[in-house]
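Geometric and topological summary
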Amino acid sequence: MKPFDVTVLIPTFNRSALLIESLESILAQTRPVHEVIIINDGSTDDTLEQLKAYEGRVRILSKSNAGKSAALNFGLKHVTGDLVWIFDDDDLAVPTAIETLVGLLEANPAADMAYGRHERFSVDGSGELRMLGTGYWTNCDSDQFLTATLDDMFAHQQGMIVRKSLYDQVGAFDESLVRSQDYDMLIRLARVGTPVSTEEFVFKQRVHDGIRGTQTKQVLAKKRNSSWSQFDQVIFRNYYPQIKLNEYLSDGQSISDPVNKRHALLRRASVMARKKLWELAIKDLRAAECLSQAPLSKPETVALRSAFASKYGCDEILTNTKLIDELCELAGASPVGAQIVSSLARGLRWRVRSEFTKIRCWKSVSYFLIMNKLKRAASMTINAKDSLPIDRHESQSADHV
């Protein structure tokens with residue numbers, strides 16, 4: 001079999017110093033790449049001057065500034081390799097990254113993409129490198145990759161090699177997205193592709209205060225989380241009607257069965273809640289409550305407990321009294337509605353503890369009070385109906401938090 005050819009795409013904009021470090025980590029791979037294409041997205045610094053030293057070793061494509069998505073779409077048109085590795089201009093590749101990821105694809109011919117883990121680092125003013133620990137990671141089987149990705153992004157482009165044919169199949173990057181364009185693309189890849197993964201670290205993600213975005217739509221480092229959250233909401237509001245309900249079930253079960261359909265609705269509700277699209281989450285929670293009065297399964301309660309686990313926090317529940325009232329109303333609708341709300345409340349326990357350990361006592365108490373209110377609303381229905389008792393772990397007093 002012909003060996004795979006890997007094309008590396010590096011979009012860049014005004015990051016000449018960091019770009020050279022990233023490029024050197026690519027050129028130092030134990031398994032050489034077929035080609036490296038740098039897409040200069042209208043840089044006004046000394047990027048082109050710095051790249052002169054690499055003439056003959058990399059291809060340089062220059063275009064007017066239009067953002068990362070446009071740069072990648074431009075670069076993908078020039079790819080000649082079988083596999084594509086999109087790499088950021090501020091991160092560092094582990095020397096064995098290509099050897100590891102391509103090896104996975106060679107060992108799993110049916111797979112379309114291979115991904116691995118990453119660790120985070122920063123460099124202080126004196127140039128000292130500081131490791132910040134591992135990045136968010138979910139260890140899942142290939143048939144769970146889409147559902148895990150919908151919860152949160154954990155497989156990054158810098159740690160993933162993808163068949164060029166799969167990129168061709170899913171279409172171009174969305175150029176309207178200033179941020180989260182990689183998350184949007186990952187969801188599209190996950191819906192149709194077959195992944196294979198490794199627990200090995202394949203790249204180091206740099207944490208820094210540089211400006212993101214385009215020349216005209218800049219995102220400051222201090223606003224990067226709010227910006228990501230904003231664009232995640234745009235993406236998932238669009239995907240809500242597009243992604244089929246059965247795609248929220250990792251085992252491919254049919255939603256013709258009411259219990260399975262309820263599970264899928266609760267999974268989607270949890271995803272929408274994590275993206276702060278609570279109006280869509282409430283819609284699905286209400287629909288799920290009406291479908292079946294069978295007690296919630298363990299996978300359903302696990303999904304609900306993660307609804308408040310967004311990496312961007314869930315401070316919206318501290319100010320949105322209407323949302324809490326709607327959840328209390330759902331708890332009073334039926335024993336199943338009470339179980340749904342009780343499971344959601346259980347998920348707040350981590351928030352209470354987390355804020356307390358960060359010595360943000362006022363926020364910890366605020367979460368505690370909301371959790372208690374939801375638990376009381378659920379227990380009132382359970383006690384009144386004398387039916388479908390809540391799991392003993394969920395009925396523990398909030399005093400144990």
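Up top is the structure these notes are about.
One structure accompanies this document, and this report is about it.

A separate point is the pairing of strand β2 (residues 35-41). Side chains on a regular strand alternate between the two faces of the sheet. Buried residues dominate β2, accounting for seven of its seven residues. Residues Glu 35, Ile 37, Ile 39 and Asp 41 line one face of β2 and the alternating positions Val 36, Ile 38 and Asn 40 line the opposite face, and both faces are buried. Pairing analysis gives six bridges linking strand β1 (residues 6-12) to β2, with the strands arranged parallel. The residue of β2 that forms the bridge with Ile 10 is Ile 38. Handedness of the crossover is the feature at issue here: the chain leaves β1, passes through helix α1 (residues 16-27), returns alongside β2, and the resulting connection is right-handed. When β2 meets strand β3 (residues 59-63), the two strands line up parallel, connected through five bridges. Note that in β3 the partner of Asn 40 across the bridge is Ser 62.

Right, let's talk about helix α4 (residues 97-107) for a bit. Burial in α4 covers these residues: Ala 97, Ile 98, Thr 100, Leu 101, Val 102, Leu 104 and Leu 105. Looking at the buried residues of α4, the elements they touch are β1, β4 (83-86), β6 (113-123), β8 (160-163) and β9 (195-206).

For the structure on display, the rule yields 22 salt bridges. Lys 63 serves as the salt-bridge partner of Asp 41, at 3.1 Å between the closest nitrogen and oxygen. Taken together, the positions of Asp 41 in strand β2 and Lys 63 in strand β3 put the pair 22 residues apart, joining distant regions of the chain. Residue Lys 63 is classed as buried on the basis of its relative accessible area, which comes to 19%. Of the charged contacts in the structure, one is a salt bridge between Arg 268 and Asp 284, with a shortest N-O distance of 2.7 Å. Taken as a pair, Arg 268 in helix α9 (residues 258-274) and Asp 284 in helix α10 (residues 278-291) lie far apart in primary sequence, 16 residues in all. Connected through salt bridges with shared partners, the residues Arg 15, Asp 89 and Asp 90 form a single ionic network.

Right, let's get into a nonpolar patch on the surface. A cluster of nonpolar residues, Val 123, Leu 129 and Met 131, forms a patch on the protein surface that exposes about 240 Å² of accessible area. Mapped onto the fold, Met 131 is located in strand β7 (residues 129-134).

Turning our attention to helix α7 (residues 181-192). When the terminal C-alpha atoms of α7 are compared, their 18 Å separation across twelve residues agrees well with the 16 Å that a helix rising 1.5 Å per residue should span. The buried fraction of α7 is high, at ten of twelve residues.

The subject of this paragraph is the nonpolar core. Grouped together as the largest cluster of nonpolar side chains are 84 residues, with contacts concentrated most on Phe 145, Leu 285 and Ile 317. In terms of residue count, α9 provides more of this core than any other element does, seven residues in total. Filtering out sequence-adjacent residues up to four positions away, Ile 317 remains in contact with Trp 278, Phe 308, Leu 323, Ile 324, Leu 348, Tyr 367 and Ile 370. Core analysis: the second largest hydrophobic core is formed by 30 residues, Ile 26, Ile 38, Leu 101 and Phe 203 among them.

This brings us to the environment of Lys 68. Position of Lys 68 relative to the elements: it lies in helix α3 (residues 68-76). The class of Lys 68 is partly exposed, set by a relative accessible area of 24%. Taking C-alpha positions, Lys 68 is 9.8 Å from Asp 88, a pair spaced 20 residues apart along the chain. Beyond its immediate sequence surroundings of up to four residues, Lys 68 is in contact with Pro 11, Asp 41, Asp 88, Gln 157 and Gln 181.

Turning our attention to the packing of aromatic side chains. A full pass over the atoms with the stated rule returns twelve aromatic pairs. With centroids separated by 5.2 Å and ring planes inclined at 80°, the aromatic side chains of Trp 85 and Phe 87 adopt a geometry described as edge-to-face. We classify Trp 85 as buried; its relative accessible area is 0%. Put simply, the rings of Tyr 115, Tyr 136, Trp 137, Phe 145 and Phe 154 pair up and form one aromatic cluster. In this arrangement the basic side chain of Arg 268 is found over the ring face of Tyr 240, its NZ or CZ atom lying 4.1 Å from the centre.

Before going further, it helps to spend a moment on the side chain of Thr 149. Positionally, Thr 149 belongs in helix α5 (residues 145-151). Residue classification places Thr 149 among the buried positions, given a relative accessible area of 0%. From its side chain, Thr 149 meets the backbone oxygen of Phe 145 in a polar contact 2.8 Å long. Those residues in contact with Thr 149 that sit more than four places away from it in its chain are Phe 154, Tyr 183, Leu 186 and Ile 187.

By the secondary structure assignment, Thr 96 is in the loop between β5 (92-93) and α4. Overall, Thr 96 belongs to the partly exposed group, its relative accessible area being 31%. Expressed as a C-alpha distance, the spacing of Thr 96 and Val 202, which sit 106 residues apart in the sequence, is 7.2 Å.

The two faces of β4 match: Leu 83 and Trp 85 on one face and Val 84 and Ile 86 on the other face are all buried. Relative to β4, β1 is paired through four bridges, and the arrangement is parallel. Note on β4: the bridge partner recorded for Thr 7 is Val 84. Where β4 lies against β8, three bridges are found, and the strand directions are antiparallel.

All right, on to the environment of Arg 179 then. In this structure, Arg 179 sits in the loop between α6 (164-170) and α7. With a relative accessible area of 10%, Arg 179 lands in the buried category. The spacing of Arg 179 and Lys 68 is 111 residues in sequence and 8.7 Å in space, taken between C-alpha atoms.

The rules we used
- Residues numbered from 1 in each chain as written.
- Predicted model: local features only at pLDDT ≥ 70, side-chain atom pairs only at ≥ 80, totals over all residues.
- Heavy atoms only, no water.
- Buried < 20%, exposed > 50% of the residue type's maximum accessible area, 1.4 Å probe, protein only.
- Helix = DSSP H or I, 4+ residues; strand = E, 2+ residues; numbered from the N terminus.
- Pairing = 2+ DSSP bridges.
- Right-handed = clockwise from strand over helix to strand, strands pointing away.
- Contact = heavy atoms within 4.5 Å.
- Salt bridge = Lys/Arg side-chain N within 4 Å of Asp/Glu carboxyl O.
- Patch = residues over 30% accessible without salt bridge, like charges linked within 9 Å, V, L, I, M, F, W, Y side chains within 5 Å.
- Areas by Shrake-Rupley, 256 points an atom, 1.4 Å probe, with all protein chains shown as cover.
- Expected span 1.5 Å × (residues − 1).
- Core = buried A, V, L, I, M, F, W, Y, C linked by side-chain atoms within 4.5 Å.
- Phe/Tyr/Trp six-rings, centres within 6.5 Å; stacked < 30°, edge-to-face > 60°.
- Lys NZ or Arg CZ within 6 Å of the ring centre and 35° of its normal.
- Polar contact = N/O pair within 3.5 Å; in protein donor to acceptor, adjacent residues only side chain to side chain.

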